[in-house]
Structures are given as structure tokens and as C-alpha cells.
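For reference, the chains in residue letters:
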Amino acid sequence: MDEQTTEINRSRQPLTVTLREFELTDVDDYFVWASDDRVSPWWRWDTFTNKEDVLTFMEETVLPHPWMRAICLDGRPVGAISVTRRTAEHQCRAELGYVIASQYWGRGITTEAVKLVLGTIFGDMEGLERLEALVLVQNVGSQKVLEKAGFTKEGILKKYLIHKGKISDMVMYSFIPSEN
């Protein structure tokens with residue numbers, strides 16, 4: 001298992017942020033953010049109400065994903081981060097996605113996790129030239145994460161997708177190593 005690590009000092013003691021592959025034993029930790037009504041509005045899922053559904057989601061979606069990692073704080077999962085590679089003529093780009101439990105918002109943990117990804121993903125995925133992230137216009141916190149991590153705001157994609165039954169605008173961010 002490949003683990004990436006960084007330390008941040010946001011309070012009295014330094015916090016160690018690591019990335020690692022998920023395991024089914026992480027279901028209790030995953031349930032913390034998957035069942036949080038403050039987190040789910042930003043994601044494609046509805047709030048999970050039981051661990052059995054989270055376990056099924058982990059078995060069917062999380063574990064088979066080619067590049068999804070647990071964002072760990074001092075060894076314990078507090079969120080997830082993924083990179084999804086595009087195919088065919090779009091294989092030069094991939095999309096970044098992340099989620100973190102609301103009690104850890106505003107502490108720099110997600111920014112550090114994104115930086116860890118940026119430190120390795122272009123070497124891990126041969127031919128990758130662009131990492132992009134799409135963020136709901138209303139999700140200002142996520143936009144700040146990307147900007148602090150070095151992403152460039154490219155613009156707003158009007159009426160880009162249907163999110164939870166509503167046509168939504170998205171902000172497009174990118175990270176291109178040759179430009180950073």
C-alpha cells in the first residue's frame with residue numbers, strides 16, 4: 001500500500017495528513033461524512049442513513065475505483081480523494097474529486113491532501129497533462145481549497161449539469177504542471 005504524507009500546523013500540535021487506499025474496515029469512518037447533511041449537498045449522493053448502504057457503496061464504487069484514497073489525519077480516515085482518468089481522445093486529462101467530514105473543514109487538511117495528489121499523480125498516470133476539478137458555484141470552500149493548492153480558475157460553465165434535480169452552474173479549475 002502506497003502512502004503519502006505531509007504535516008500541517010494549524011493549532012497547537014502538528015497534524016499529519018496521509019493518503020492511502022481504502023479498506024472495508026474503514027466503513028465506520030466513511031459513514032461519518034457520508035451521513036453528514038452538511039457534506040452531502042455538495043456531492044452526487046444523498047445522505048446515507050445506515051452503515052449497510054455505505055458498505056455496499058464502498059464495495060461497489062470506492063474499492064474498485066482505480067485511484068481513490070482515504071484522506072487520513074493521524075492515520076484515521078476523515079475524507080476521500082479521487083482522480084478519474086478520461087479515456088480515448090480525452091486521456092490526457094483526469095478529474096479530481098474530494099470530500100471531507102465537516103468537523104475538519106477550514107483546517108487546511110483537504111488542501112494538503114490535494115497537494116499530495118499533485119506531487120505524484122502526473123508521474124503515476126503516464127501521459128496525464130491536465131488535472132481538472134468541477135465545483136458547484138455555491139461551494140466557495142471547495143474553490144478556496146483548489147486555489148490554495150495551485151489550481152487555476154478557468155471559468156464558469158453555465159447550466160452544466162443536473163445536480164440533485166436542479167440544473168447547476170459549475171466552476172472549472174485546472175492544474176497543468178507545465179504552467180505551474
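Please refer to the structure higher up on the page.
In this text, all values refer to a predicted model and were calculated from it rather than measured experimentally. (Residues numbered from 1 in each chain as written. Predicted model: local features only at pLDDT ≥ 70, side-chain atom pairs only at ≥ 80, totals over all residues. Heavy atoms only, no water.)

Residue Ala-88 is not a glycine yet carries a positive backbone phi of 55°. With respect to the secondary-structure elements, Ala-88 resides in the loop between strand E4 (76–85) and strand E5 (93–100). Of the residues examined, Ala-88 reaches a relative accessible area of 48% and is grouped as partly exposed. One non-glycine residue, Lys-159, lies in the positive phi region at around 45°. Summarising the element assignment, Lys-159 is placed in strand E7 (residues 152–163). (Helix = DSSP H or I, 4+ residues; strand = E, 2+ residues; numbered from the N terminus. Buried < 20%, exposed > 50% of the residue type's maximum accessible area, 1.4 Å probe, protein only.)

This brings us to the pattern of salt bridges. By the definition in use, this model includes nine salt bridges. For the salt bridge of Arg-20 with Asp-26, the shortest nitrogen-to-oxygen distance reads 2.8 Å. Arg-20 gets classed as buried once you look at its relative accessible area, which sits at 11%. Each of Arg-93, Arg-130, Glu-132 and Glu-154 takes part in salt bridges that share partners, so that together they form one network. (Salt bridge = Lys/Arg side-chain N within 4 Å of Asp/Glu carboxyl O.)

Any functional reading would require information beyond the geometric quantities listed.
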